[in-house]
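Architecture at a glance
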Amino acid sequence: DSGVTQTPKHLITATGQRVTLRCSPRSGDLSVYWYQQSLDQGLQFLIQYYNGEERAKGNILERFSAQQFPDLHSELNLSSLELGDSALYFCASSGGTAESGANVLTFGAGSRLTVL
Amino acid sequence: AQSVTQLDSHVSVSEGTPVLLRCNYSSSYSPSLFWYVQHPNKGLQLLLKYTSAATLVKGINGFEAEFKKSETSFHLTKPSAHMSDAAEYFCVVSNTGGFKTIFGAGTRLFVKA
C-alpha cells in the first residue's frame, strides 16, 4: 500500500457520459498529480495541484477538469467521454518542500476507465 | 528545458544475466533523476533516485544507476535478472520541488527462463 488511495478501481461507462475519479494523497503530501496511461499514448501528465492551487498543466483536454480540496484530496472530472478516453488514470502525490522529498512521486494503484 | 530519452522501448534478457536499461536526459540545471517500475496492472513504484549526492545510486531489488554528467546519462543496471523483474521501467527527470517532472516513454523488460 503506497498511501495514495484512488477510487474507483474500475469504471465502465458509455460515450457522452461524465465520471469523477477521486484521489487521497499520502498523509502530509501537499502536491497531487494526475496522469493518463494508455497503450498508444504511454504515460501522459495531465495536471498538478499544490495545496489547493493549480501548479502545472500538461496534456489535459478541455473536457477534463480537476480540483484539490482543502483536505488535499483531489478529483478528476472527465466529461463528454469518448472511446479514446479509455485508459488507466493515475494519481500521485509528493511532499511540500525539497527537504521533504518533493521530487519523489508516490503513485496510487490507478483507476481503470473503460468507455463503451 | 528538460527532456528524458529512454533509448530502448523493449529489452529482453535471460534469467541470471545482467540488465541494462538506458536513459539520457537533458536539463538546463542540476536535475533530480529517478527510475520507477510498473508491474502489470499496478501503479508505479520508486526504484531509486539521484539528487546530487553520490553518483552511484542503489535502489530496491538489487538495481542501481550511475549518474554521468559528462554523458548526460542515468542508466539502470542489475547484475542478475530475476523473473520478477519483468515490468516496465520509467526514467524520470525533475526539477527541485517536483514542479516539472518529465517521464520517459518507458522500457519494457522481458526476462526469459
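The residue numbering used here restarts from 1 in each chain and proceeds along that chain's sequence as written. Labels follow written order: the first chain is A, the first ligand is 1, and so on. For this predicted model, a pLDDT threshold of at least 70 governs which residues receive local features, and a threshold of 80 or more governs which side-chain atom pairs are given and counted, while totals over whole chains, interfaces and linings are taken from all residues. The basis for the side-chain values is all heavy atoms of the structure; hydrogens and waters are excluded.

It is worth spelling out unusual backbone geometry at this point. For the peptide bond that leads from Thr7(A) to Pro8(A), omega is -5°, which places it in the cis range. Backbone geometry at Thr72(B) places phi at a positive 45°, although glycine is not the residue there. Helix numbers and strand numbers start at the N terminus; a helix is a DSSP run of H or I with at least 4 residues, a strand a run of E with at least 2. Tracing the chain through its elements places Thr72(B) in the loop between strand 8 (64-68) and strand 9 (73-78). In this scheme, a residue with accessible area under 20% of its type's maximum is buried, one over 50% is exposed, and one in between is partly exposed, where area comes from a 1.4 Å probe on protein chains only. Judged by relative accessible area, Thr72(B) falls into the partly exposed class, the value being 32%.

With that settled, the discussion passes to the nonpolar core. To define a nonpolar core, start from buried Ala, Val, Leu, Ile, Met, Phe, Trp, Tyr and Cys residues and group those joined through side-chain atoms within 4.5 Å. Residues Trp35(B), Phe74(B), Leu76(B) and Tyr89(B) are the most contacted members of the largest nonpolar core, which totals 26 residues. In this structure, Val32(A), Trp34(A), Phe64(A) and Leu76(A) belong to the second largest nonpolar core, which totals 20 residues.

On to the pairing of strand 12 (residues 107-112) of chain B, then. Residue and element names in this part refer to chain B. With burial as the criterion, only one face of strand 12 is covered, namely that bearing Thr107, Leu109 and Val111; the residues Arg108, Phe110 and Lys112 on the opposite face remain uncovered. A pair of strands is labelled paired if DSSP reports no fewer than 2 bridges between them. Note that strand 10 (residues 87-94) and strand 12 share three bridges and pair antiparallel. The partner of Glu88 across the bridge, within strand 12, is Arg108.

A word on the interface of chain B and chain A. Here, two residues are considered to be in contact whenever any of their heavy atoms come within 4.5 Å of each other. Contacts between the two partners involve 19 residues from chain B, matched on the other side by 19 residues from chain A. What makes a salt bridge here is a side-chain nitrogen of Lys or Arg within 4 Å of a carboxyl oxygen of Asp or Glu, nothing more. Our count for the chain B to chain A interface comes out at zero salt bridges. Nitrogen and oxygen atoms within 3.5 Å of one another constitute a polar contact, given that in protein one can donate a hydrogen and the other can accept it, and given that sequence-neighbouring residues count only through two side-chain atoms. Summed over the shared surface of chain B and chain A, the result is three residue pairs in polar contact (both at pLDDT 80 or more). Within the residue set of the side of chain B that touches chain A, elements represented by two or more residues are strand 5 (32-38), strand 6 (44-50), strand 10 and strand 11 (101-103) of chain B. For the side of chain B that touches chain A, the leading source of residues is strand 5 of chain B, giving four residues. The residue makeup of the side of chain B that touches chain A, split by class, is seven nonpolar, 10 polar and two charged. For this classification, Asp, Glu, Lys and Arg are treated as charged, while Ala, Val, Leu, Ile, Met, Phe, Trp, Tyr, Cys and Pro are nonpolar and the rest, including Gly, are polar.

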